[in-house]
Number of protein chains: 2
Amino acid sequence: MTLQPASREIFHARLRQIGATRYHDKHPFHHRLHKGDCTLDQVQAWVINRWYYQASIPMKDAAFMSRCTDPQLRRIWRSRIADHDGDLEAGGGIRRWLKLAQGVGLDPDYVASGQGVMPATRFAVDAYVRFVRDAPLIAAMASSLTEMFAPAIHEQRIRGLLEHYAFATDETLAYFSQRLSEAPKDVTFTLDWVLVHATTAADQDAAAAALTFKTDVLWALLDALWHGYVTGDAPPGAWQPGQGQLIR
Amino acid sequence: MTLQPASREIFHARLRQIGATRYHDKHPFHHRLHKGDCTLDQVQAWVINRWYYQASIPMKDAAFMSRCTDPQLRRIWRSRIADHDGDLEAGGGIRRWLKLAQGVGLDPDYVASGQGVMPATRFAVDAYVRFVRDAPLIAAMASSLTEMFAPAIHEQRIRGLLEHYAFATDETLAYFSQRLSEAPKDVTFTLDWVLVHATTAADQDAAAAALTFKTDVLWALLDALWHGYVTGDAPPGAWQPGQGQLIR
């Protein structure tokens, strides 16, 4: 017996529920960060490791486009790469992330080198890029739907950082404020696409599993960060506080 | 200017030095395990997560063979798969690991399902399998050279577990005692192959980087285990103490 798919409303609610229970806004590291309880070392560790995620996003989107046969879908998707990479001379999420790096006292060249990134960060982020390259199309698209939950955490973050940390300014937080307008555009299209194209129960299960997988990736990044820099047991070769500082 | 390769002796010493500084016998989780300081829950968490590594090893070796054009090298490598998978009815490292699972009070079917494995464990182990499939041949081979350092940790482990834990018997620890004879056979061949075939400085660097990568994988598994079950912050969906217990 083949199971009937759920209605779009119920399927949508199922996806939202994954965010409600597993999105990384629930992770203790974010509570700590947004409440102002992180040391500058911990903020720097977050910026260095999260850089690897940021820098991989346009590769993830290129991996998606590399296996996407529908030119119209590729045309729509392409703006994601432009949003993150920016133009030849200026702009883009990656450059904005390096402004944040500078703002927290790190040498942006050191951060961009990826030298201090923990292996656990690489393993999780690389798993995401490969998933998007190799999984069925609907799962590859659904894995990006954590962006449904992103504006709320970005708002919390902007508010929390501005309140608690001297490094927080409109310029250093530009990455997050920019995402407030970019993410909804992407997610409106992709959510609609997934809701419409997941026409079987198996498609819906695959989309839900993909979104769950993506929440696992984001959670694993913060678990590694906590173990490395809150518990204080960073693995061999990873960034140590004091390395990669900006000489002013 | 092309750098000259180091002599075999110096290259060999360089590889050994990676083990001396980065192999997971230095990880606090192993100290805790071997000293008898792990709770039964922590031992179970280790057995469940390390299962994913054990179960992936024959896939890793098949991935190696899938890209290895030299039939003689494939013929030699094949015994690794047989060592782990065993025969149709009996034998093999995977079945021996499930004996350990049973010995520590876990339902072997639950362990074999991989249900409770942490995402961070999957990310690290999957990265290893892909590395061996995709990296240059010499790097793929060198990544297995952590086995140079394995007999010492297996001996420590057998001694430590027998001394401190009621579950430890010749039968439950058969996986480790068997590896004492299997690993040296594999490593003698592979180390020799790498020492002989790394004829340029670039080859030697690639082999050293591959071995370092592999120590990162093993270290990340224990960091995740520590965060999840010693600190006690297992990620959403991972095994919780009490799940998957053997009904006697």
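Rules used throughout
Starting afresh in each chain, residues are numbered from 1 along the sequence in its written order. Note on labels: chains are lettered from A, ligands numbered from 1, in written order. Thresholds applied to this predicted model are a pLDDT of at least 70 for local features of residues and 80 or more for the giving and counting of side-chain atom pairs; totals over whole chains, interfaces and linings are not thresholded and use all residues. Put simply, DSSP marks the helices as runs of H or I at least four residues long and the strands as runs of E at least two long, and each gets a number from the N terminus on. Atoms counted for the radius of gyration: C-alpha only. Globule rule: 2.2 Å times residue count to the power 0.38. In this scheme the burial state of a residue depends on its C-beta neighbours within 10 Å: 20 or more other such atoms mean buried, 12 or fewer mean exposed, and anything in between means partly exposed; the C-beta positions come from the backbone. For every residue pair, C-beta atoms are placed from the backbone, and the pair is scored as a contact if these atoms sit within 7 Å. A least-squares superposition brings the copies together, and it is based on the C-alpha atoms of residues with pLDDT no lower than 70 in both. Under the scheme applied here, ten amino acids are nonpolar (Ala, Val, Leu, Ile, Met, Phe, Trp, Tyr, Cys and Pro), four are charged (Asp, Glu, Lys and Arg), and all others, including Gly, are polar. Helix axes are fitted to C-alpha atoms over the stretch in contact, other axes to C-alpha atoms as well, and angles between N-to-C directions run from 0 to 180 degrees. What sets the label is the angle itself: under 35 degrees gives roughly parallel, over 145 gives roughly antiparallel, 65 to 115 gives roughly perpendicular, and the rest give oblique. Handedness of each helix crossing follows the sense of rotation of the near helix against the far helix: counterclockwise by less than a right angle gives left-handed, clockwise gives right-handed. Known as pLDDT, the predictor's per-residue confidence is scaled from 0 to 100. Expected helix span is taken as 1.5 Å per residue step, with the number of steps being one fewer than the number of residues. To obtain the bend at a residue, axes are fitted to the seven residues ending there and to the seven starting there, and the angle between these axes is taken.

Draft legend 1. Region of interest: the overall build of chain A. Tallying secondary structure elements over chain A gives eleven helices and zero strands in all. What you see in chain A, going N to C, is helices and strands ordered as α-α-α-α-α-α-α-α-α-α-α. The globule rule puts the C-alpha radius of gyration for 248 residues at 18 Å, and the 18 Å found for chain A is close to it. Counting only C-alpha atoms, chain A reaches 65 × 40 × 35 Å along its principal axes. Every one of the 248 residues in chain A was classed for burial, and the buried ones make up 42%. For chain A, long-range pairs separated by at least 24 residues make up 80% of all intrachain contacts whose partners lie at least 6 apart in sequence.

Draft legend 2. Broad picture of the relation of the copies chain B and chain A. Screw-axis analysis of chain B against chain A gives a translation of 0.0 Å along the axis, an RMSD of 0.0 Å, and a rotation angle of 180°. One copy is carried onto the other by what is essentially a two-fold rotation axis. Nearest to the rotation axis, the C-alpha of F123 of chain B is located 2.6 Å from it, this being the minimum over chain B. Taken together, the interface assignments show that 100% of the residues at the interface of chain B recur at the interface of chain A, consistent with an identical surface on both copies.

Draft legend 3. Spatial organisation of the interface of chain B and chain A. If you look at the interface, chain B gives 19 residues, while chain A gives 19 residues. Broken down by secondary-structure element, the contributors of at least two residues to the side of chain B that touches chain A are α1 (8–22), α7 (119–134) and α11 (201–230) of chain B. No other element matches α11 of chain B, which puts seven residues into the side of chain B that touches chain A. Residue composition of the side of chain B that touches chain A, grouped by class: eleven nonpolar, three polar and five charged.

Draft legend 4. Molecular detail of the environment of D186 of chain B. Residues and elements named next belong to chain B. Turning to its location among the elements, D186 is positioned in helix α10 (residues 174–197). D186 sits in the buried class, given 20 other C-beta atoms within 10 Å. Counting along the chain gives 133 residues from D186 to Y53, while the straight-line C-alpha distance between them is 18 Å. If we skip the residues at most four places from it in the chain, D186 touches R80 and E147.

Draft legend 5. Molecular detail of the environment of A127 of chain B. With respect to the helices, strands and loops of the structure, A127 of chain B is situated in helix α7. A127 of chain B sits in the buried class, given 23 other C-beta atoms within 10 Å. For the pair A127 of chain B and R32 of chain B, spaced 95 residues apart in sequence, the C-alpha separation works out to 26 Å. Not counting residues up to four positions away in its chain, the partners in contact with A127 of chain B are F123 and D126 of chain A together with V217 of chain B.

Draft legend 6. Expanded view of the packing of helix α3 (residues 40–66) of chain B against helix α5 (residues 93–103) of chain B. All names here are of chain B. The geometry of α3 relative to α5 is characterised by a closest axis approach of 10 Å and an angle of 175° between their N-to-C directions. Here α3 is positioned roughly antiparallel relative to α5, judged by the angle of their axes. In this structure, α3 uses V47, W51, Q54 and A55 to contact α5, whose residues at the interface are G93, I94, W97, L100 and A101. Partitioning the contact of α3 with α5 into residue classes produces seven nonpolar, two polar and no charged.

Draft legend 7. Representation of the packing of α3 of chain B against α11 of chain B within the structure. Residue and element names in this part refer to chain B. Running from amino to carboxyl end, α3 crosses α11 at an angle of 145°, the nearest separation of the two axes being 10 Å. Pair α3 / α11 crosses with right-handed handedness. Contacts between α3 and α11 involve D41, Q42, A45, W46, N49 and Y53 from the first element and L221, L225, G228, Y229 and V230 from the second. Its residues assigned to classes, the contact of α3 with α11 comprises seven nonpolar, three polar and one charged.

Draft legend 8. Molecular detail of the environment of K35 of chain B. Residues and elements named next belong to chain B. Considering the arrangement of structural elements, one finds K35 in helix α2 (residues 28–35). Given 11 C-beta atoms within a 10 Å radius, K35 is considered exposed. In the structure, K35 is positioned 36 residues away from P71 in sequence and 45 Å away in space, judged by C-alpha atoms.

Draft legend 9. Region of interest: the confidence of the model for chain A. With 99% of its residues at a pLDDT of at least 70, chain A reaches an overall mean of 95. As a predicted assembly, this complex carries a pTM of 0.91 together with an ipTM value of 0.84.

Draft legend 10. Here's a closer look at α3 of chain B. Between its first and last C-alpha, α3 of chain B extends 39 Å over 27 residues, near the 39 Å set by a 1.5 Å rise per residue. Residue I57 of chain B marks the point of greatest curvature in α3 of chain B, where the axis turns by about 35°; the proline P58 of chain B follows within four residues.

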